[in-house]
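Residue-level listing of the chains:
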Amino acid sequence: MIKTQNLSKEFETTVAVRDLDLTVEAGQIYAFLGPNGAGKTTTIMMLLGLEKPTSGKIEIMGKSLDTDYFSIKRRIGVVSENQYLYDDMTAWEYLNFFGRLYEVEDREKKIKAFLERVKLYHRRNERLAGYSHGMKQKISIARALLHDPELLILDEPQNGLDPYGIQEVRDIIKEENQRGKTVLISSHILSEIEQTCNRVAILNKGRLVAEGPLDIVKMKAMEDITLIIEVENLTDNVQKAISAEPYVKSVKVDNNKLIIVVDRAEDYRARLSRLIAEEGALLVGMQSKTVSLEEAFMKITESNVKALLKEGTA
Amino acid sequence: MKKQQRPYRAIAITAMARRELRSTLFNVGIYIAIALGLCVASFLLYNYVGSIQENGVLVLPSSFTYTRYLGGTIPSPEPMQVPLKWAVYIGAIYITLSASMAISRERDQGTLEVLFYGPVDSVSFVIAKFVEQILAFAVILFFYVLYFVFMSRVSNFALSMGFVKMLLLSLLLAGCMAAFGMFLSSLSRKVKTSVILFLVFTIIFISVPLVHSFLMAIPQDEVKGALSIARQTTSYLNTLVTWVSPFAYLDRGATAIELGSVAEFVKSLLFSLVYTIILTIGSIGIFNRKGVRR
Amino acid sequence: MKKLVYLLMILVAMSMLIIAAPPEKVEQTVIKLILFDGSQWGETFSPKEYANFYMLAGTDNIIIPTKTKVYYWPITQEYMADYYDQNEELEGTLEVYHGNKLIKKVEKEDYSFAYPQGYYGGRPELRGGEAAKEAAVTYQKEVEAYYGRVMAYQEAMDEYRIALDKFWENPEAYKGRETEIPKEPSQPDYPVFYATEAQRGYILNLEPGTYTIQIEGQPESKRTVSVFNPRRAGPGFEIRPEQKWTMPLNSNEIKETVYISGKQTMYLTPYNGLEVNMYKYSKLQKLPSVSSGRGGEMVYFWMQLDYINDAKLQVLKDNQLIDEVDLKKWYVQQTADAALGYEIIEFNPVELGERPPSFEGYKVDLDGTGRYSFRLVDAEGKVITESERLVRSIGSQSRFFAFLLPLIPILVGILIWVWRSSLSASEKGTDKTSTPQAV
């Protein structure tokens, strides 16, 4: 659905995006993450043709904006973090205008349906100037969905929304994805991303520092793996035998639980199971401790900063 | 026609121009401009009527001619043509001001960015804005025509071909004024800057010909030193202004109507068209350089 | 912006200094020009700064190359010639070139302006050569004859006074002999014919085009002449409304409409008119002036020539002939009882004695209803080309509507503003399923 190759954008004094290779497959909810100034919005703007790349290629739906500008744009819906609406228009007029712009069939019916979906139908004839932040964001979402786009690009769609609003937006994203839409979402609310997305890309200082399925990225964020093993007949021998293993970095005992930190090179769970049995203990359960996306994000971006600093001093 | 072959740009232009026109018509500004134009027209017609009632008789040509009077010459305009011309001037100034904010306001408010998320490009956007200005001016003209037709019936003042020509010319003038305003608008990111640019250029376009005619009144033999340089400079500037200023294009056309010269009239229409096309292309070029983001 | 204001102030101050300087007189060869403007001759001159002058095609004009003192007069922004200080006319043959081709040689000759119908009546005539001298002689003879009549009148008066004295000595003696009572002799008539003294100059009459002239072998007298024709010609009208007879308006061309306000009486005096270029004509009248003709390069205006007195005026109402009027002389009589303080009566020389008519014209009475027009017809009843004029009566409600109509867009604007403002108020509580208005 989206493919970038060596995409770069340089401004006069800074490099906003460097050699970005990104692939978003159809049907995905793809999260685009990164700290402030990482180059997310610049990338989105390049995808939409609002910024010209310094170098690299962009393909959307297998086509380039240079050759198929209008046909591509008509198949994309965009919501940005900023609510730039025509304040002198009513909600109905606003959606009707965009309906005309995108040549939406059964326009009035669809506008009515969307206004009802975002619970603003009863306020359709009010001017947008009087709308709250949350209401404006809902209107922006309705506007982005009105023409039934194949690709939704959402830049901080839940910014400034109350928990109910966040929930509503989350539901809409999931529903639209279930209806076959591809979603590219950039957000700071990582808990939301965790609940909605199935693939993540993390951008830092213009570089892509992590990309892949959500679980894998989270795993990748961890240098070591912490395993929690519940054992019956736990003896010192068991603890010693495990500690003697070369891949084990530390072992702690908490009642009948062993908390073992191993390196990430391999999956050692089978070897550890065998070892516990050999020492005469009974393995009751084993689970690996996961990190949240937020922790992973912090870890990835921090380590990336360190790496960049090293690069700089080298 | 298959959907893939639809003229997407035309659809975008239609939708945007329609939105803009609605916005203009839902604003009091245009009605104030129309009322001002009609006030000026009424003032002139009122004077004609007053003059006829006071003197019993008034001779007014069906086109603009000069009549010898008391050893000098005075212009004797057709009764409806001059009021229309002044009303058109006021309408055109409103259009220029409106056009000078058209692009910068959208950029300033960020709505431009939202438009460009969709099937809108710089060409369709600038042309839509331009079309909207022309349509707004057509609305102004519509009010004017209603007014003049009604006044013609009430007063019995004749509506002539000169009046119709003036209407046609004024639409092209609106093109020049809108293109000029849009050009100024494309230069700036803020509405305030656009308005300042509009005022500065309007003052220049009005003052340069005045200063030039003042300096040209000084005989050649008396023009020395700094005065000579000033005269030469204003002469060049004046020549430039006659091609750059949109006001000059209306003057050119109005003079052609006044003189009853068909060739000059057609020439003025062509010049206006060329001026409009050049400035619109210039606006698109500058717009592309400046980008759509705030 | 401030800099621009300062620059303008400096420019204005500098030009004022230049204007204040005393004029410097410089000797140069100018061309004294006595040019025909369509009805009479007027004088101007061509200094070297204005080496191109203008003439009407097919008319006689006087050219006199002269060495004189020239200065610029800043107050009126024009060059002046001081002929009192120096006035040396150049002699020789005047050569006229069209391109590089010499087309004509003109010798200096006598000229005079003759006024066969008197100085204040009719158009003057330019007489050249022997005719000029003859005109001057004729005028001289007329003056001498007049002096003879004056002398005879004086003698008759003297005799009359003596006879009158004799009469008063014994009036009774004349009873029954009334015819012998002395009668006062009538005053002698003034000479009608007038002519200026014969002077010398080159009489030039050229077809339209651009020419170069100079006195043979005297390049300082070289000038360019632009000879032009009028653009159009046709009858015009002086229109005198009854209530303002002293302020006639002119209607020069067929396109013009005469507007009246209700019932109206007016007097129309037709004349022959010419339409000429404003710049060329202004320069013809006043060449060495900075402001003359400025901005009039593309402007044409009508020039009034002599009156038409051999036509009739037809008045039409809604395209139907309703009246045919003869040209008459009118006299304005002061009357205290009249609403206007005067009344316009038909001129009757018997009743009014030596008093001249106030004006001549066709009297037209219009009742202000319907659509009128008038036109001139010649002695054979043929309509004279371009003589038709439309007359329209303006409506009495015009001023009221002129006030009212501009308020309508304001009203529309206010209604829209109120409506749009009302949309800010929440519609909370309305039926959520109600059908929206189409936009």
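Conventions and cut-offs
- Residues numbered from 1 in each chain as written.
- Chains lettered and ligands numbered in written order.
- Predicted model: local features only at pLDDT ≥ 70, side-chain atom pairs only at ≥ 80, totals over all residues.
- Core = buried A, V, L, I, M, F, W, Y, C linked by C-beta atoms within 7 Å.
- Buried ≥ 20, exposed ≤ 12 C-beta atoms within 10 Å, placed from the backbone.
- Helix = DSSP H or I, 4+ residues; strand = E, 2+ residues; numbered from the N terminus.
- Contact = placed C-beta atoms within 7 Å.
- Pairing = 2+ DSSP bridges.
- Nonpolar A, V, L, I, M, F, W, Y, C, P; charged D, E, K, R; others polar.
- Domains from an automatic or database assignment.
- pLDDT = per-residue confidence, 0-100.
- Axes fitted to C-alpha atoms, helices over the stretch in contact; angles between N-to-C directions.
- Parallel < 35°, antiparallel > 145°, perpendicular 65-115°, else oblique.
- Left-handed = near helix turned anticlockwise from the far one by under 90°.
- Expected span 1.5 Å × (residues − 1).
- Bend = angle between axes of the 7 residues up to and from the residue.

(A) Seen up close, the nonpolar core. Counting residues in each nonpolar core, the largest one holds 182 residues, and the members touching the most others are Y30(A), Y94(A), I185(A) and L173(B). By residue number, the principal contributor to this core is helix α5 (residues 122-155) of chain B, which donates 16 residues. Non-local contacts of I185(A), meaning those with residues more than four positions away in its chain, are made with I29(A), Y30(A), A31(A), F32(A), L154(A), P157(A), I173(A) and C197(A). The next biggest cluster of nonpolar side chains, apart from the first, holds 46 residues, and it includes Y72(C), A81(C), L206(C) and L284(C).

(B) The pairing of strand β14 (residues 232-241) of chain C, seen in detail. The pairing of β14(C) with strand β17 (residues 264-277) of chain C spans 10 bridges and is antiparallel. Bridge pairing in β17(C) links P241(C) to M266(C).

(C) Representation of helix α3 (residues 278-285) of chain C within the structure. When you tally the buried positions in α3(C), you get 6 out of 8 residues, the bulk of the element. Buried within α3(C) are the following residues: M278(C), K280(C), Y281(C), S282(C), K283(C) and L284(C).

(D) Spatial organisation of the interface of chain B and chain A. With 21 residues of chain B in contact, the opposing surface of chain A contributes 18 residues. Elements that contribute at least two residues to the side of chain B that touches chain A include exactly α1 (8-25) and α4 (111-117) of chain B. Per-element accounting of the side of chain B that touches chain A gives the leading share, 7 residues, to α1(B).

(E) Geometry of the interface of chain B and chain C. Counting residues at the interface gives 49 residues for chain B, matched by 57 residues for chain C. Listed by contribution, the elements that provide at least two residues to the side of chain B that touches chain C are α2 (28-55), β1 (57-60), β2 (65-69), α5, α7 (191-216), α8 (225-244) and α9 (246-259) of chain B. Residue contributions to the side of chain B that touches chain C peak at 14 residues, all from α2(B). Residues belonging to the side of chain B that touches chain C are distributed by class as follows: 34 nonpolar, 12 polar and 3 charged. Judged from the 4 bridges that link them, β1(B) and strand β16 (residues 257-260) of chain C form a sheet pairing that is antiparallel. From the neighbouring strand, L60(B) faces β16(C), where its bridge partner is T257(C).

(F) Structural context of the environment of G129(C). All names here are of chain C. By the element assignment, G129 lies in the loop between β9 (125-128) and α2 (130-169). Separated by 18 residues in the primary sequence, G129 and Y111 have C-alpha atoms spaced 6.1 Å apart. Those residues within four positions of G129 in sequence are excluded, and the remaining contacts are E109 and D110.

(G) Molecular detail of the domain arrangement of chain C. Structurally, chain C comprises domain 1 (17-128 + 198-228), domain 2 (130-195) and domain 3 (232-393). For domain 2 of chain C versus domain 3 of chain C, the distance between C-alpha centres works out to 41 Å.

(H) Structural detail: unusual backbone geometry. All names here are of chain A. The phi dihedral of E103 is positive, around 55°, even though this residue is not glycine. Assignment of secondary structure puts E103 in the loop between α3 (91-101) and α4 (107-117). Overall, E103 belongs to the partly exposed group, with 16 C-beta atoms counted inside 10 Å.

(I) Geometry of the confidence of the model for chain C. Residue and element names in this part refer to chain C. Averaged over all residues, the pLDDT of chain C equals 86, while 92% of them reach at least 70. Confidence, read as mean pLDDT per element, is least for helix α1 (residues 2-20) in chain C (64) and greatest for strand β6 (residues 94-98) (96). The low-confidence segment residues 427-439 (pLDDT under 50) makes 17 contacts with residues lying over four places distant or belonging to another chain.

(J) Geometry of the environment of V139(B). All names here are of chain B. As for its placement among the helices and strands, V139 is situated in helix α5. Note on V139: 17 C-beta atoms within 10 Å, which makes it partly exposed. Residues V139 and G118, spaced 21 residues apart in sequence, show a C-alpha to C-alpha distance of 29 Å. Non-local contacts of V139, meaning those with residues more than four positions away in its chain, are made with L25 and I30.

(K) Representation of the packing of α3(A) against helix α5 (residues 133-145) of chain A. All names here are of chain A. One can describe the packing of α3 onto α5 by two numbers: an axis separation of 9 Å at closest approach and a directional angle of 25°. Relative to α5, α3 is oriented roughly parallel. Handedness of the crossing formed by α3 with α5: right-handed. On α5, the residues that touch A91, Y94, L95 and F98 of α3 are I139, A142 and R143. Its residues assigned to classes, the contact of α3 with α5 shows 6 nonpolar, no polar and 1 charged.

(L) Representation of the pairing of strand β5 (residues 78-89) of chain C. Residue and element names in this part refer to chain C. Pairing between strand β4 (residues 61-73) and β5: 8 bridges, direction antiparallel. Bridging across to β5, Y71 finds its partner in M80. What sits between the antiparallel neighbours β4 and β5 is a turn of 4 residues, in which Q77 has the positive phi angle 55°.

(M) Structural context of the sheet that holds strand β3 (residues 52-56) of chain C. Residues and elements named next belong to chain C. With mixed pairing, the 5 strands of this open sheet are ordered in space as β3-β13-β12-β6-β7. Both outer strands of the open sheet, β3 and β7 (101-106), are each paired with one neighbouring strand and no more. With direction set aside, neighbouring strand axes in the sheet form an average angle of 30°. Of the strand pairs in this sheet, β6 and β7 are connected by 5 bridges, and their pairing is antiparallel.

(N) Layout of the sheet that holds strand β4 (residues 55-60) of chain A. Residues and elements named next belong to chain A. Read across the open sheet, the 3 strands follow the order β2-β1-β4; overall the sheet is antiparallel. If you trace the sheet from one side to the other, it starts and ends with β2 (15-24) and β4, each paired once. The sheet shows a mean angle of 15° between the axes of neighbouring strands, direction not considered. Of the pairings in the sheet, the one linking strand β1 (residues 2-10) to β2 comprises 6 bridges and is antiparallel in character. Paired with K9 across the two strands is V17, which belongs to β2.

(O) Structural view of the confidence of the model for chain B. All names here are of chain B. Averaged over chain B, the pLDDT score is 83; the fraction of residues at 70 or greater is 88%. Every residue in residues 1-5 is under pLDDT 50, and counting partners more than four places away or in other chains gives 2 contacts. Here residues 63-76 scores under 50 on pLDDT; set against residues more than four positions off or in separate chains, the count is 38 contacts.

(P) Looking closely at the environment of Q178(A). Inspection of the secondary structure puts Q178(A) in helix α6 (residues 163-178). The spatial distance from the C-alpha of Q178(A) to the C-alpha of S132(A) is 29 Å, given a sequence separation of 46 residues.

(Q) Helix α3 (residues 81-109) of chain B, seen in detail. All names here are of chain B. The terminal C-alpha atoms of α3, which comprises 29 residues, lie 41 Å apart, in line with the 42 Å expected from a rise of 1.5 Å per residue. Its maximal kink placed at A102, α3 deviates by approximately 35°. Of all the 29 residues making up α3, 22 are buried; the element is thus mostly covered by neighbouring parts of the structure. Backbone geometry just downstream of α3 places G110 in the positive-phi region, at approximately 90°.

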